[in-house]
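Notes for the structure review
Listed below are the residues making up each chain.
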Amino acid sequence: MKKSIALILVILAFTHCNQPHEKKLSADDTNKNIKNLIDSTATEFIGKPLINSTSIGIYYKGKEYIGHYGELEKNKKNSPSNETIYEVGSLSKVLTGTVMAHAVLEGKLNLEDRVDKYLNEEYPNLSFKDYPVRIKHLLTHSSGLPNILPNNLEDLLTIDFLKKDTPSKINSILKNYDKETFLKDLHTISVDTIPGFNCSYSSAGTELAAHILEEVYQDDFEDILVAFLADKIGMTETKIRLNQDEKKNLAVGYHADYPDITLPMQELPWGAGGNIKTTVPDMMEFIKFELSKSDITEESHKIIVNYGKEVGIAYFWEVSSENEKLGKHYIHHGGVPRSQCYIFIIPKYNLGTFIITNQSGKETAKKMRETLDKIFDGILDHEKKQATTKPKLH
(Lines give C-alpha, C1' and ligand atoms only; values in the text may rest on other atoms or scores of the structure.)
Protein backbone atom coordinates (compact mmCIF):
# COMPACT_ATOMS: atom_id res chain seq x y z
CA MET A 1 0.00 0.00 0.00
CA LYS A 2 2.82 2.38 0.95
CA LYS A 3 4.56 1.58 -2.34
CA SER A 4 1.39 2.41 -4.28
CA ILE A 5 0.99 5.76 -2.52
CA ALA A 6 4.63 6.57 -3.12
CA LEU A 7 4.26 5.69 -6.79
CA ILE A 8 1.22 7.96 -7.13
CA LEU A 9 3.09 10.85 -5.50
CA VAL A 10 6.01 10.35 -7.87
CA ILE A 11 3.67 10.36 -10.87
CA LEU A 12 1.90 13.52 -9.63
CA ALA A 13 5.21 15.25 -9.03
CA PHE A 14 6.42 14.27 -12.50
CA THR A 15 3.28 15.51 -14.25
CA HIS A 16 3.33 18.72 -12.21
CA CYS A 17 6.92 19.51 -13.10
CA ASN A 18 6.42 18.68 -16.76
CA GLN A 19 3.07 20.41 -17.23
CA PRO A 20 3.70 22.91 -20.03
CA HIS A 21 3.48 26.57 -19.03
CA GLU A 22 1.88 29.13 -21.33
CA LYS A 23 4.84 30.92 -22.86
CA LYS A 24 4.99 34.68 -22.39
CA LEU A 25 4.98 36.68 -25.57
CA SER A 26 8.33 38.07 -26.59
CA ALA A 27 8.95 41.79 -27.10
CA ASP A 28 8.82 41.24 -30.87
CA ASP A 29 5.51 39.40 -30.53
CA THR A 30 4.13 42.25 -28.42
CA ASN A 31 5.22 44.89 -30.93
CA LYS A 32 3.72 42.93 -33.81
CA ASN A 33 0.44 42.31 -31.98
CA ILE A 34 -0.03 45.95 -30.97
CA LYS A 35 0.86 47.17 -34.45
CA ASN A 36 -1.61 44.72 -36.01
CA LEU A 37 -4.24 45.83 -33.51
CA ILE A 38 -3.80 49.49 -34.46
CA ASP A 39 -3.76 48.68 -38.18
CA SER A 40 -6.95 46.62 -38.06
CA THR A 41 -8.96 49.04 -35.91
CA ALA A 42 -7.78 52.09 -37.87
CA THR A 43 -8.64 50.43 -41.20
CA GLU A 44 -12.12 49.68 -39.90
CA PHE A 45 -12.46 53.25 -38.62
CA ILE A 46 -11.58 54.96 -41.92
CA GLY A 47 -14.00 52.61 -43.67
CA LYS A 48 -16.90 54.23 -41.84
CA PRO A 49 -19.04 56.91 -43.54
CA LEU A 50 -17.44 60.37 -43.80
CA ILE A 51 -14.13 59.31 -42.21
CA ASN A 52 -11.30 59.91 -44.69
CA SER A 53 -8.25 59.52 -42.50
CA THR A 54 -6.94 59.07 -39.00
CA SER A 55 -3.73 59.24 -37.03
CA ILE A 56 -3.33 57.09 -33.94
CA GLY A 57 -0.57 57.17 -31.34
CA ILE A 58 -0.21 54.64 -28.54
CA TYR A 59 2.36 54.51 -25.77
CA TYR A 60 2.32 51.15 -24.00
CA LYS A 61 4.81 49.98 -21.39
CA GLY A 62 7.72 51.99 -22.69
CA LYS A 63 7.06 51.44 -26.40
CA GLU A 64 5.65 54.01 -28.82
CA TYR A 65 3.39 53.14 -31.73
CA ILE A 66 2.25 55.66 -34.37
CA GLY A 67 0.11 54.98 -37.41
CA HIS A 68 -1.34 57.19 -40.15
CA TYR A 69 -4.17 55.93 -42.34
CA GLY A 70 -6.34 56.98 -45.25
CA GLU A 71 -6.23 60.24 -47.19
CA LEU A 72 -6.67 63.75 -45.88
CA GLU A 73 -8.51 64.42 -49.15
CA LYS A 74 -10.30 61.66 -51.01
CA ASN A 75 -8.46 60.38 -54.09
CA LYS A 76 -5.47 62.68 -53.41
CA LYS A 77 -3.31 59.96 -51.82
CA ASN A 78 -2.14 62.51 -49.24
CA SER A 79 -1.98 60.41 -46.12
CA PRO A 80 -1.27 62.21 -42.84
CA SER A 81 2.23 61.84 -41.45
CA ASN A 82 4.37 62.74 -38.45
CA GLU A 83 4.74 66.21 -39.98
CA THR A 84 0.98 66.79 -40.21
CA ILE A 85 -0.19 69.56 -37.90
CA TYR A 86 -3.61 69.06 -36.36
CA GLU A 87 -6.11 71.34 -34.64
CA VAL A 88 -6.94 69.58 -31.37
CA GLY A 89 -9.79 71.85 -30.24
CA SER A 90 -10.73 71.51 -26.59
CA LEU A 91 -7.88 69.13 -25.90
CA SER A 92 -6.06 72.48 -25.63
CA LYS A 93 -7.63 72.70 -22.17
CA VAL A 94 -5.58 69.89 -20.61
CA LEU A 95 -2.38 71.44 -21.97
CA THR A 96 -3.45 74.73 -20.40
CA GLY A 97 -4.34 72.89 -17.20
CA THR A 98 -0.86 71.38 -17.07
CA VAL A 99 0.66 74.87 -17.24
CA MET A 100 -1.72 75.93 -14.44
CA ALA A 101 -0.52 72.99 -12.30
CA HIS A 102 3.07 74.10 -12.84
CA ALA A 103 2.16 77.65 -11.81
CA VAL A 104 0.58 76.32 -8.59
CA LEU A 105 3.73 74.32 -7.80
CA GLU A 106 5.85 77.42 -8.42
CA GLY A 107 3.70 79.37 -5.97
CA LYS A 108 2.53 81.77 -8.67
CA LEU A 109 -1.13 81.18 -7.80
CA ASN A 110 -3.37 79.16 -5.53
CA LEU A 111 -6.44 77.13 -6.39
CA GLU A 112 -8.38 79.01 -3.71
CA ASP A 113 -7.57 82.42 -5.18
CA ARG A 114 -10.53 84.50 -6.29
CA VAL A 115 -10.31 85.08 -10.03
CA ASP A 116 -10.99 88.80 -9.62
CA LYS A 117 -7.65 89.04 -7.83
CA TYR A 118 -6.11 88.86 -11.29
CA LEU A 119 -8.45 91.32 -12.98
CA ASN A 120 -7.64 95.01 -13.14
CA GLU A 121 -11.25 96.11 -12.71
CA GLU A 122 -14.05 95.36 -10.27
CA TYR A 123 -16.14 92.31 -11.21
CA PRO A 124 -18.84 91.99 -8.54
CA ASN A 125 -20.75 89.75 -10.96
CA LEU A 126 -18.11 87.02 -10.56
CA SER A 127 -19.65 86.00 -7.25
CA PHE A 128 -22.92 84.49 -6.15
CA LYS A 129 -23.85 86.28 -2.94
CA ASP A 130 -20.77 85.77 -0.74
CA TYR A 131 -19.34 82.94 -2.84
CA PRO A 132 -16.73 84.14 -5.36
CA VAL A 133 -15.52 82.32 -8.45
CA ARG A 134 -12.13 80.85 -7.64
CA ILE A 135 -9.38 79.39 -9.84
CA LYS A 136 -10.38 75.85 -8.89
CA HIS A 137 -13.83 76.52 -10.35
CA LEU A 138 -12.34 77.47 -13.73
CA LEU A 139 -10.35 74.23 -13.83
CA THR A 140 -13.40 72.08 -13.08
CA HIS A 141 -16.04 73.79 -15.25
CA SER A 142 -17.96 74.73 -12.12
CA SER A 143 -17.53 78.52 -12.22
CA GLY A 144 -20.95 79.37 -13.59
CA LEU A 145 -19.34 81.13 -16.55
CA PRO A 146 -21.00 80.53 -19.94
CA ASN A 147 -19.83 77.92 -22.41
CA ILE A 148 -18.17 80.57 -24.52
CA LEU A 149 -17.78 84.29 -25.04
CA PRO A 150 -19.05 86.09 -27.01
CA ASN A 151 -22.50 84.77 -26.15
CA ASN A 152 -23.70 84.80 -29.76
CA LEU A 153 -21.44 81.80 -30.43
CA GLU A 154 -23.42 79.56 -28.08
CA ASP A 155 -26.18 78.54 -30.49
CA LEU A 156 -23.68 78.02 -33.31
CA LEU A 157 -21.73 75.53 -31.19
CA THR A 158 -24.79 73.65 -29.99
CA ILE A 159 -28.10 74.01 -31.82
CA ASP A 160 -26.70 75.02 -35.23
CA PHE A 161 -23.37 73.19 -35.20
CA LEU A 162 -24.19 70.81 -38.07
CA LYS A 163 -25.39 73.54 -40.44
CA LYS A 164 -23.21 74.13 -43.48
CA ASP A 165 -22.47 77.80 -42.83
CA THR A 166 -21.72 77.41 -39.11
CA PRO A 167 -17.88 77.32 -39.44
CA SER A 168 -17.85 80.54 -41.48
CA LYS A 169 -20.20 82.23 -39.01
CA ILE A 170 -18.00 81.22 -36.09
CA ASN A 171 -14.93 82.62 -37.85
CA SER A 172 -16.72 85.84 -38.73
CA ILE A 173 -17.67 86.46 -35.10
CA LEU A 174 -14.21 85.63 -33.75
CA LYS A 175 -12.26 87.53 -36.39
CA ASN A 176 -12.08 90.77 -34.42
CA TYR A 177 -12.85 89.41 -30.97
CA ASP A 178 -9.81 90.17 -28.81
CA LYS A 179 -8.75 89.95 -25.19
CA GLU A 180 -9.96 93.46 -24.36
CA THR A 181 -13.42 92.70 -25.72
CA PHE A 182 -13.54 89.42 -23.80
CA LEU A 183 -12.77 91.18 -20.51
CA LYS A 184 -15.42 93.78 -21.32
CA ASP A 185 -17.98 91.03 -22.01
CA LEU A 186 -17.00 89.35 -18.77
CA HIS A 187 -18.78 92.20 -16.98
CA THR A 188 -22.07 91.19 -18.60
CA ILE A 189 -22.27 87.58 -17.43
CA SER A 190 -24.21 86.53 -14.35
CA VAL A 191 -23.18 83.75 -11.94
CA ASP A 192 -26.55 82.43 -10.77
CA THR A 193 -25.52 79.65 -8.39
CA ILE A 194 -22.79 78.88 -5.87
CA PRO A 195 -19.52 78.25 -7.76
CA GLY A 196 -18.38 74.66 -7.44
CA PHE A 197 -21.93 73.36 -7.14
CA ASN A 198 -22.79 72.60 -10.77
CA CYS A 199 -20.65 71.32 -13.64
CA SER A 200 -21.23 73.31 -16.83
CA TYR A 201 -18.58 73.11 -19.55
CA SER A 202 -16.94 76.47 -20.12
CA SER A 203 -14.33 77.41 -22.69
CA ALA A 204 -14.77 80.96 -21.40
CA GLY A 205 -13.40 79.73 -18.07
CA THR A 206 -10.33 78.31 -19.81
CA GLU A 207 -9.74 81.60 -21.59
CA LEU A 208 -9.91 83.39 -18.24
CA ALA A 209 -7.38 80.88 -16.86
CA ALA A 210 -5.01 81.87 -19.68
CA HIS A 211 -5.44 85.54 -18.75
CA ILE A 212 -4.50 84.68 -15.15
CA LEU A 213 -1.35 82.93 -16.38
CA GLU A 214 -0.42 86.08 -18.30
CA GLU A 215 -0.89 88.13 -15.14
CA VAL A 216 1.28 85.93 -12.93
CA TYR A 217 4.06 85.40 -15.49
CA GLN A 218 3.80 88.83 -17.13
CA ASP A 219 4.08 87.32 -20.57
CA ASP A 220 1.90 86.37 -23.54
CA PHE A 221 -0.01 83.13 -22.98
CA GLU A 222 1.27 81.45 -26.12
CA ASP A 223 4.86 82.28 -25.19
CA ILE A 224 4.28 80.82 -21.71
CA LEU A 225 2.69 77.71 -23.20
CA VAL A 226 5.31 77.10 -25.89
CA ALA A 227 8.23 77.57 -23.49
CA PHE A 228 6.68 75.24 -20.89
CA LEU A 229 5.85 72.50 -23.39
CA ALA A 230 9.32 72.61 -24.96
CA ASP A 231 11.32 72.85 -21.73
CA LYS A 232 9.35 70.52 -19.46
CA ILE A 233 7.92 68.00 -21.93
CA GLY A 234 9.92 68.16 -25.16
CA MET A 235 6.97 69.27 -27.29
CA THR A 236 8.61 71.52 -29.88
CA GLU A 237 5.92 71.51 -32.59
CA THR A 238 2.97 72.69 -30.49
CA LYS A 239 1.64 76.24 -30.65
CA ILE A 240 -1.41 78.39 -31.36
CA ARG A 241 -0.33 80.61 -34.25
CA LEU A 242 1.42 79.04 -37.24
CA ASN A 243 3.85 80.70 -39.63
CA GLN A 244 3.41 80.40 -43.39
CA ASP A 245 5.63 77.32 -43.71
CA GLU A 246 3.83 75.56 -40.86
CA LYS A 247 0.44 76.29 -42.40
CA LYS A 248 1.45 74.13 -45.36
CA ASN A 249 1.42 71.12 -43.02
CA LEU A 250 -1.89 71.97 -41.35
CA ALA A 251 -4.37 69.17 -41.99
CA VAL A 252 -7.35 70.04 -44.14
CA GLY A 253 -10.69 68.95 -42.72
CA TYR A 254 -14.40 68.50 -43.25
CA HIS A 255 -17.42 69.74 -41.36
CA ALA A 256 -20.34 67.36 -40.81
CA ASP A 257 -21.28 65.60 -44.06
CA TYR A 258 -20.32 68.40 -46.45
CA PRO A 259 -17.78 67.58 -49.19
CA ASP A 260 -16.02 70.96 -49.26
CA ILE A 261 -12.86 71.59 -47.25
CA THR A 262 -13.60 73.73 -44.19
CA LEU A 263 -11.39 76.67 -43.23
CA PRO A 264 -9.37 76.48 -39.98
CA MET A 265 -11.12 77.79 -36.90
CA GLN A 266 -10.48 81.43 -36.04
CA GLU A 267 -8.63 81.94 -32.78
CA LEU A 268 -10.28 82.68 -29.46
CA PRO A 269 -8.75 85.67 -27.62
CA TRP A 270 -6.10 83.53 -25.90
CA GLY A 271 -6.59 80.23 -27.70
CA ALA A 272 -6.36 78.20 -24.49
CA GLY A 273 -9.88 76.88 -24.83
CA GLY A 274 -9.59 75.39 -28.30
CA ASN A 275 -6.90 76.66 -30.66
CA ILE A 276 -3.72 74.73 -29.94
CA LYS A 277 -2.17 72.92 -32.90
CA THR A 278 0.23 70.02 -32.66
CA THR A 279 1.61 66.86 -34.27
CA VAL A 280 1.18 63.22 -33.29
CA PRO A 281 4.85 62.86 -32.20
CA ASP A 282 4.38 65.84 -29.88
CA MET A 283 1.23 64.26 -28.46
CA MET A 284 3.23 61.13 -27.79
CA GLU A 285 5.68 63.24 -25.78
CA PHE A 286 2.74 64.60 -23.81
CA ILE A 287 1.40 61.09 -23.15
CA LYS A 288 4.80 59.90 -21.93
CA PHE A 289 5.00 62.94 -19.67
CA GLU A 290 1.50 62.28 -18.30
CA LEU A 291 2.55 58.74 -17.36
CA SER A 292 5.82 59.85 -15.79
CA LYS A 293 4.56 60.58 -12.26
CA SER A 294 6.40 63.88 -12.03
CA ASP A 295 5.44 66.59 -9.53
CA ILE A 296 3.57 68.40 -12.30
CA THR A 297 1.56 65.40 -13.42
CA GLU A 298 0.78 64.41 -9.84
CA GLU A 299 -0.61 67.90 -9.28
CA SER A 300 -2.51 68.12 -12.55
CA HIS A 301 -4.14 64.72 -11.92
CA LYS A 302 -5.46 65.66 -8.47
CA ILE A 303 -9.23 65.50 -8.39
CA ILE A 304 -10.47 68.96 -7.44
CA VAL A 305 -14.19 68.19 -7.62
CA ASN A 306 -15.92 64.82 -7.39
CA TYR A 307 -19.15 64.37 -9.28
CA GLY A 308 -19.82 60.91 -7.88
CA LYS A 309 -17.83 57.87 -6.82
CA GLU A 310 -16.58 57.17 -10.34
CA VAL A 311 -16.20 60.59 -12.02
CA GLY A 312 -14.30 63.70 -11.06
CA ILE A 313 -12.45 66.61 -12.64
CA ALA A 314 -8.80 67.49 -12.13
CA TYR A 315 -7.01 70.31 -14.02
CA PHE A 316 -9.53 70.17 -16.89
CA TRP A 317 -9.11 66.37 -17.02
CA GLU A 318 -12.14 64.15 -16.70
CA VAL A 319 -11.10 61.48 -14.22
CA SER A 320 -13.05 58.25 -14.52
CA SER A 321 -13.19 54.90 -12.75
CA GLU A 322 -16.35 53.74 -14.52
CA ASN A 323 -14.47 51.09 -16.49
CA GLU A 324 -13.10 48.77 -13.80
CA LYS A 325 -10.84 46.99 -16.27
CA LEU A 326 -9.00 50.20 -17.12
CA GLY A 327 -8.83 51.46 -13.54
CA LYS A 328 -8.68 55.17 -12.81
CA HIS A 329 -7.94 56.99 -16.06
CA TYR A 330 -7.86 60.49 -17.50
CA ILE A 331 -9.81 61.53 -20.61
CA HIS A 332 -10.37 64.55 -22.80
CA HIS A 333 -12.12 65.07 -26.11
CA GLY A 334 -11.31 67.85 -28.52
CA GLY A 335 -13.00 69.18 -31.59
CA VAL A 336 -13.33 72.07 -34.00
CA PRO A 337 -15.63 72.22 -37.04
CA ARG A 338 -13.16 70.16 -39.10
CA SER A 339 -11.45 67.72 -36.74
CA GLN A 340 -12.05 65.71 -33.58
CA CYS A 341 -9.75 63.83 -31.23
CA TYR A 342 -9.47 61.92 -27.96
CA ILE A 343 -6.71 61.39 -25.45
CA PHE A 344 -6.70 58.69 -22.76
CA ILE A 345 -4.12 58.29 -19.99
CA ILE A 346 -4.39 54.87 -18.28
CA PRO A 347 -1.73 54.51 -15.55
CA LYS A 348 -2.75 50.96 -14.55
CA TYR A 349 -1.27 49.62 -17.80
CA ASN A 350 1.30 52.36 -18.42
CA LEU A 351 -0.84 53.13 -21.44
CA GLY A 352 -1.79 56.30 -23.27
CA THR A 353 -3.64 56.80 -26.54
CA PHE A 354 -4.30 59.68 -28.92
CA ILE A 355 -6.60 59.46 -31.92
CA ILE A 356 -7.59 62.21 -34.36
CA THR A 357 -9.51 62.48 -37.60
CA ASN A 358 -9.98 65.40 -39.98
CA GLN A 359 -13.77 65.24 -39.88
CA SER A 360 -16.17 66.70 -37.34
CA GLY A 361 -19.78 65.60 -37.29
CA LYS A 362 -22.56 64.25 -35.14
CA GLU A 363 -21.23 60.68 -34.96
CA THR A 364 -17.47 61.35 -35.09
CA ALA A 365 -16.79 61.14 -31.37
CA LYS A 366 -18.85 57.96 -31.05
CA LYS A 367 -16.93 56.31 -33.89
CA MET A 368 -13.60 57.24 -32.29
CA ARG A 369 -14.67 55.86 -28.91
CA GLU A 370 -15.71 52.59 -30.55
CA THR A 371 -12.29 52.38 -32.18
CA LEU A 372 -10.52 53.08 -28.90
CA ASP A 373 -12.65 50.53 -27.06
CA LYS A 374 -11.51 47.87 -29.53
CA ILE A 375 -7.89 48.88 -29.00
CA PHE A 376 -8.33 48.73 -25.23
CA ASP A 377 -10.00 45.32 -25.47
CA GLY A 378 -7.11 44.08 -27.60
CA ILE A 379 -4.51 45.36 -25.15
CA LEU A 380 -6.36 43.85 -22.18
CA ASP A 381 -6.46 40.54 -24.04
CA HIS A 382 -2.72 40.89 -24.60
CA GLU A 383 -2.29 41.49 -20.85
CA LYS A 384 -4.06 38.20 -20.13
CA LYS A 385 -1.80 36.34 -22.53
CA GLN A 386 1.24 37.90 -20.90
CA ALA A 387 0.21 36.61 -17.47
CA THR A 388 1.72 33.29 -16.44
CA THR A 389 -0.94 30.60 -16.12
CA LYS A 390 -0.80 28.12 -13.26
CA PRO A 391 -0.31 24.48 -14.33
CA LYS A 392 -3.08 22.01 -13.63
CA LEU A 393 -2.56 18.54 -12.15
CA HIS A 394 -3.81 15.58 -14.16
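Residues numbered from 1 in each chain as written. Predicted model: local features only at pLDDT ≥ 70, side-chain atom pairs only at ≥ 80, totals over all residues. Heavy atoms only, no water.

1. Details of the overall build of the chain
Broken down by element type, the chain carries 13 helices and 14 strands. Overall, the C-alpha framework of the chain stretches about 95 × 55 × 40 Å when taken along its three principal axes. Looking at the 394 residues of the chain, the share that counts as buried comes to 51%. Sequence-distant contacts in the chain: of pairs separated by 6 or more residues, those separated by 24 or more amount to 68%. Entry remark: accessible area of the chain is about 19,000 Å², with carbon and sulfur atoms responsible for 51%. (Helix = DSSP H or I, 4+ residues; strand = E, 2+ residues; numbered from the N terminus. Buried < 20%, exposed > 50% of the residue type's maximum accessible area, 1.4 Å probe, protein only. Contact = heavy atoms within 4.5 Å. Areas by Shrake-Rupley, 256 points an atom, 1.4 Å probe, with all protein chains shown as cover.)

2. What to know about the pairing of strand E11 (residues 329–336)
Of all 8 residues in E11, 6 are buried, a share of seventy percent or more. Both strand E10 (residues 318–320) and E11 contribute to a ladder of 3 bridges, which runs antiparallel. Paired with Glu318 across the strands is Ile331, a residue of E11. (Pairing = 2+ DSSP bridges.)

3. Quick look at the sheet that holds strand E8 (residues 305–306)
Spatial ordering of the open sheet is given by E2-E1-E13-E12-E11-E10-E9-E8, a layout of 8 strands whose pairing is antiparallel. Two strands bound the open sheet, and with one partner strand each, they are strand E2 (63–70) and E8. Of the pairings in the sheet, the one linking strand E1 (residues 53–60) to E2 comprises 8 bridges and is antiparallel in character. Each residue of the ladder has a partner; that of Tyr59, found in E2, is Glu64. Across the sheet, helix H2 (residues 27–46) touches E1, E2 and strand E13 (351–357), and the angle it forms with E2 is around 25 degrees. (Axes fitted to C-alpha atoms, helices over the stretch in contact; angles between N-to-C directions.)

4. Comments concerning the packing of H2 against helix H13 (residues 364–386)
Each pair of packed helices can be summarised by the angle the axes make with each other and by the distance between the axes. Close contact between H2 and H13 brings their axes to 10 Å; oriented N to C, the two are set at 160 degrees. With respect to each other, H2 and H13 are oriented roughly antiparallel. Crossing geometry of H2 relative to H13 is assigned as right-handed. Where H2 abuts H13, its residues Thr30, Asn33, Ile34, Leu37, Thr41, Glu44 and Phe45 lie against Lys367, Met368, Thr371, Lys374, Ile375, Gly378, Ile379, His382 and Gln386. Of the residues that constitute the contact of H2 with H13, the class distribution is 6 nonpolar, 7 polar and 3 charged. (Parallel < 35°, antiparallel > 145°, perpendicular 65-115°, else oblique. Left-handed = near helix turned anticlockwise from the far one by under 90°. Nonpolar A, V, L, I, M, F, W, Y, C, P; charged D, E, K, R; others polar.)

5. Overview of a nonpolar patch on the surface
On the surface, Tyr131, Ile194 and Phe197 cluster together to form a nonpolar patch covering roughly 320 Å² of accessible area. Within the secondary structure, Tyr131 sits in strand E5 (residues 131–132). (Patch = residues over 30% accessible without salt bridge, like charges linked within 9 Å, V, L, I, M, F, W, Y side chains within 5 Å. Salt bridge = Lys/Arg side-chain N within 4 Å of Asp/Glu carboxyl O.)

6. Structural notes on the environment of Asn110
By the element assignment, Asn110 lies in the loop between helix H3 (92–105) and strand E4 (127–128). Judged by relative accessible area, Asn110 falls into the partly exposed class, the value being 39%. In the structure, Asn110 is positioned 225 residues away from Gly335 in sequence and 30 Å away in space, judged by C-alpha atoms. Other than its neighbours up to four places away in sequence, Asn110 contacts Tyr118 and Ile135. At 2.8 Å, the side chain of Asn110 and the backbone nitrogen of Glu112 are in polar contact. (Polar contact = N/O pair within 3.5 Å; in protein donor to acceptor, adjacent residues only side chain to side chain.)

7. Some words on helix H8 (residues 203–217)
The terminal C-alpha atoms of H8, which comprises 15 residues, lie 21 Å apart, in line with the 21 Å expected from a rise of 1.5 Å per residue. Within H8, 13 of the 15 residues are buried, leaving the element largely enclosed by the surrounding structure. Directly beyond the C-terminal end of H8, a positive phi value near 55 degrees is found at Gln218. (Expected span 1.5 Å × (residues − 1).)

8. What about the nonpolar core?
Among the nonpolar cores identified, the biggest contains 77 residues, and Leu109, Ile135, Leu186, Phe286, Trp317 and Phe354 are the most heavily contacted of them. With residues near it in sequence (within four places) discarded, Phe286 still touches Val94, Leu95, Thr98, Ile233, Met235, Trp317 and Ile343. (Core = buried A, V, L, I, M, F, W, Y, C linked by side-chain atoms within 4.5 Å.)

9. Concerning the side chain of Ser55
Relative to the helices and strands, Ser55 is located in strand E1. At a separation of 2.7 Å, a polar atom in the side chain of Ser55 contacts the side chain of His68. In this structure Ser55 touches Gly67, His68, Pro80, Tyr86, Val280, Phe354, Ile355 and Ile356, once residues within four positions along its chain are discounted.

10. What to know about the pattern of salt bridges
Under the criterion given, the structure shown has 22 salt bridges. One salt bridge connects Lys136 with Glu112, and the closest N-O pair in it is separated by 3.0 Å. Of this pair, Lys136 sits in helix H4 (residues 135–139) while Glu112 is found in the loop between H3 and E4, placing the two residues 24 residues apart along the sequence. In this structure, Lys239 and Glu246 form a salt bridge, with 2.7 Å as the shortest nitrogen-oxygen distance.

11. What about the confidence of the model for the chain?
Across the chain, the average pLDDT comes to 91, with 92% of residues at or above 70. Ignoring residues within four places in sequence, the model shows residues 1–22, a span with pLDDT below 50, making 13 contacts including any to other chains. The model gives residues 389–394 a pLDDT under 50, and that stretch makes 11 contacts with residues more than four places away or in other chains. (pLDDT = per-residue confidence, 0-100.)

12. Here's the deal with unusual backbone geometry
In this structure, the amide linkage connecting Leu149 to the following residue, Pro150, adopts the cis form with an omega of 5 degrees. Inspection of the secondary structure puts Pro150 in the loop between H4 and helix H5 (154–157). Positioned with a positive phi, Lys77 is a non-glycine residue whose angle comes to about 55 degrees. Its location among the elements puts Lys77 in the loop between E2 and strand E3 (86–87). Lys77 sits in the exposed class, given a relative accessible area of 77%.

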